[in-house]
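# Examination of the molecular architecture
One-letter residues, chain by chain:
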Amino acid sequence: MAQHIYATSCGRCGCARPAIPLLLLPAPTLLPLASSSSRLRRRRARPMGASDHLGLVAAAAKPRNGSRPCAAVLGEPLPVLDDPGLLVHPSADFAAQALVSSTQQYREMYQKSIDDPAGFWSEIADEFYWKQKWSPDEVCAENLDVTKGPIKIEWFKGGKTNICYNAVDRHVEAGNGDKIAMYWEGNEPSQDGKLTYSELLEKVCQLSNYLKSVGVGKGDAVGIYLPMLMELPIAMLACARIGAVHSVVFAGFSAEALAQRVIDCKPKVVITCNAVKRGVKIIPLKDIVDASLDESAKNGVDVGICLTYENQSALNKVDTRWKTGRDVWWQEVVPNFPTKCDVEWVNAEDPLFLLYTSGSTGKPKGVLHTTGGYMVYSATTFKHAFDYKPTDIYWCTADCGWITGHSYVTYGPLLNGATVLVFEGAPNYPDPGRCWDIVDKYGVTIFYTAPTLLRSLMRDGTEYVARYSRKSLRVLGSVGEPINPTAWRWFYDVIGDSRCPISDTWWQTETGGFMITPLPGAWPQKPGSATFPFFGVQPVIVDEKGQEMEGECSGYLCIKKSWPGAFRTLYGDKERYETTYFKPFAGYYFSGDGCSRDKDGYHWLTGRVDDVINVSGHRIGTAEVESALVSHPKCAEAAVVGIDHEVKGQGIYAFVTLVNGVPYSDDLRKSLVMTVRSQIGAFAAPDKIHWAPGLPKTRSGKIMRRILRKIASRQLDELGDTSTLADPGVVDQLIALSDS
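Residues numbered from 1 in each chain as written. Predicted model: local features only at pLDDT ≥ 70, side-chain atom pairs only at ≥ 80, totals over all residues. Heavy atoms only, no water.

With that settled, consider the confidence of the model for the chain. Confidence in the prediction of the chain, expressed as mean pLDDT, is 88, and 89% of residues score 70 or more. In this model, residues 1-49 is a region of pLDDT below 50 whose contacts with residues beyond four sequence positions or in other chains number 124 contacts. (pLDDT = per-residue confidence, 0-100. Contact = heavy atoms within 4.5 Å.)

Put into structure tokens, the structure is as follows:
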């Protein structure tokens, strides 16, 4: 258990602060900056050891220049002073019950995961059921260096298992069949449902038996285009049960985008529903699927069966377009099949699912994840990053059409026997208090969402939040993009009442699970920082030449050595797999993200490197500028893109959404620019502030920066497909305000 020493006040802000438990590790000596204008540190002769960053954690709590950094303790409001060095410590009570309760415990576990990855992950894998154990000599085999041959990542080779069995059957057989596996909340507050683990198993088996009856078997692809009904995770589990490879496509993509994915993976069956209602809007999903299957047929891919779930709350059966001989109603066939279905035991390296990245241009990338390593990694990251307890009610607002919905709505939680909430509706319908109404209704204890959603809700103030108790919440989480400190503080102080730690997770579709993330009871957090690596993950920051940098620095985030959840290839495109992820820096997985490491060793994600703007030789992360803009009290949200500039090379173009009721003005525009100048520097000042009533977002909340770049550069005839936007009308509003 962590021992905290409480001091009366911080020398800079007067807040109470604890001292973090110090590790018996010296903080590494940092070399001076290479030059006064460079943010990069020189590379040290000795590469950073696996535990060196923990010495930096200890150093964060040590006095500097006669004072400690500004600090707060879980359970106390944050100090008003917006200090970038603010440390938010776990309380003694929280740490005492945490799975990882101190930096010392983390250090020991992390060190073992690096020194003996085979032993560390084998011990965890033993907690799951394996029909056949893996070879002790083949726990992990890898080559991440393209100069030494083809890229290879394998975990638990020789083992046989089934992820559906481990996520469902195992809990039923352990006597937990009556535990709620899923709650479902519909579009309307009056619509809800639930399934126990026993009931979930029966429904999965019925669908598995149906799929087998129409010829789907091990290795066959099944396309899934469903909204967030319980039938979506049921369909994923049913495929996994029989060894089929599911390819879930977010039910917001256009017919053209869906057709691209169908043509690439050639599914035997596509599963959809006739329609979905989000807020007051009805979306005819079956019509979209029909158009996509017509398009795929023209390209030589005929899908024999379209299994369609009747979503009566959105559209009646009689009003649904139908193709006899291909289309089948779910409710007319699936319930007729037996509620028991034999498990197909698969090899650890057999494919589990394909998930296509959206791809703003060009062909989507089919990310392929396999079974054994992904199962172990998604379950373990969920357990520790959220400090999961068997009594938790867990809600992740993500859609299963994205990797978050795979790893942290379906597989990760269910592998731990958790109770999961599945939400079909919109977070601001019928009003902006919907999320907190749901939290109170189900007693949600862990709430995992995206910064974009938080910033959207921030615009509406605290009125809708204050209407609800939210007392059940104990852990919060952030996913999808770097969370700016202002949103972090709002999430912590307002939503969590200053008593819930925030797991600000960094990971990707390709990584399968969390890579850099806080462990809530182990060390102090910094608002906006993803903090430190998860077990077995070795992040490094490299310069343009691929040289590892030490100490305080900024550069390209790479990973050396593999981890169990890593994707194995891009489906049908091994060359693109190696070229995109492993050729840029030989010997490393290149994340495509920029990252800064501060003097305390904390990691700060700065966004995609293609979201880095080079202004007169200064590399400026768009997330950094956005964070500065949002810190302005009248700015609710901001999105920054780069534009061509004849003098500076690139200029900074900022789309700014103001707090409700605040009028546009030149004085406010100047004030926003000055905020960026004061927080980052004159070189980062936006060249253009574009007023934005709203930003173009997908229905999952992702900002479509491709569209913003086209608007900023006046390439209006190249806007491309806007069908995935939650509100396509936003684009016309932005164009109309271009010269205001």
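Anyway, onward from the coordinates.
What follows is about the packing of aromatic side chains. Applying the stated criterion to the full structure yields 55 aromatic pairs. Their ring planes at 55° and their centres at 5.7 Å tell us that Phe 120 and Phe 535 sit as a pair that is tilted. Taken together, the residues Phe 120 in helix H4 (residues 117-125) and Phe 535 in the loop between strand E24 (502-504) and strand E25 (539-542) connect sequence positions 415 residues apart. Ring plane angle 10° and centroid distance 5.8 Å describe the contact between Tyr 581 and Tyr 589, whose orientation is recorded as stacked. Given the relative accessible area of 2%, Tyr 589 is considered buried. Taken together, the aromatic side chains of Tyr 106, Tyr 110, Phe 120, Trp 121, Tyr 377, Trp 523, Phe 532, Phe 534, Phe 535 and Tyr 602 make up a single cluster linked through ring pairs. The residue whose ring lies beneath Lys 133 is Trp 134, and the NZ or CZ to ring-centre distance is 4.7 Å. (Phe/Tyr/Trp six-rings, centres within 6.5 Å; stacked < 30°, edge-to-face > 60°. Helix = DSSP H or I, 4+ residues; strand = E, 2+ residues; numbered from the N terminus. Buried < 20%, exposed > 50% of the residue type's maximum accessible area, 1.4 Å probe, protein only. Lys NZ or Arg CZ within 6 Å of the ring centre and 35° of its normal.)

What follows concerns the packing of helix H3 (residues 103-115) against H4. Orientation of H3 relative to H4, taken along the N-to-C sense of each, is 115°, at an axis distance of 5 Å. Looking at the two axes, H3 sits roughly perpendicular to H4. Residues Met 109, Lys 112, Ser 113, Ile 114 and Asp 115 of H3 lie in contact with H4, whose contacting residues are Pro 117, Phe 120 and Glu 123. Residue classes in the contact of H3 with H4 are distributed as four nonpolar, one polar and three charged. (Axes fitted to C-alpha atoms, helices over the stretch in contact; angles between N-to-C directions. Parallel < 35°, antiparallel > 145°, perpendicular 65-115°, else oblique. Nonpolar A, V, L, I, M, F, W, Y, C, P; charged D, E, K, R; others polar.)

Moving on, we get to the pattern of salt bridges. Taken as a whole and assessed by the stated rule, the structure comprises 32 salt bridges. The closest approach of N and O atoms between Arg 455 and Glu 637, which form a salt bridge, is 3.8 Å. Of this pair, Arg 455 sits in helix H14 (residues 451-458) while Glu 637 sits in strand E32 (residues 635-645), placing them 182 residues apart in sequence. The exposure class of Arg 455 is buried, given its relative accessible area of 4%. Among the residues examined, Glu 637 registers a relative accessible area of 3% and is labelled buried. Between Lys 560 and Glu 548 there is a salt bridge; the shortest N-O distance is 3.5 Å. Of the two residues, Lys 560 is situated in the loop between strand E26 (553-559) and strand E27 (569-570) and Glu 548 in the loop between E25 and E26; the sequence distance between them amounts to 12 residues. The exposure classification of Lys 560 matches that of Glu 548, with both residues buried. Among the charged side chains, a network of salt bridges with common partners joins Glu 185, Asp 192, Arg 434 and Lys 441. (Salt bridge = Lys/Arg side-chain N within 4 Å of Asp/Glu carboxyl O.)

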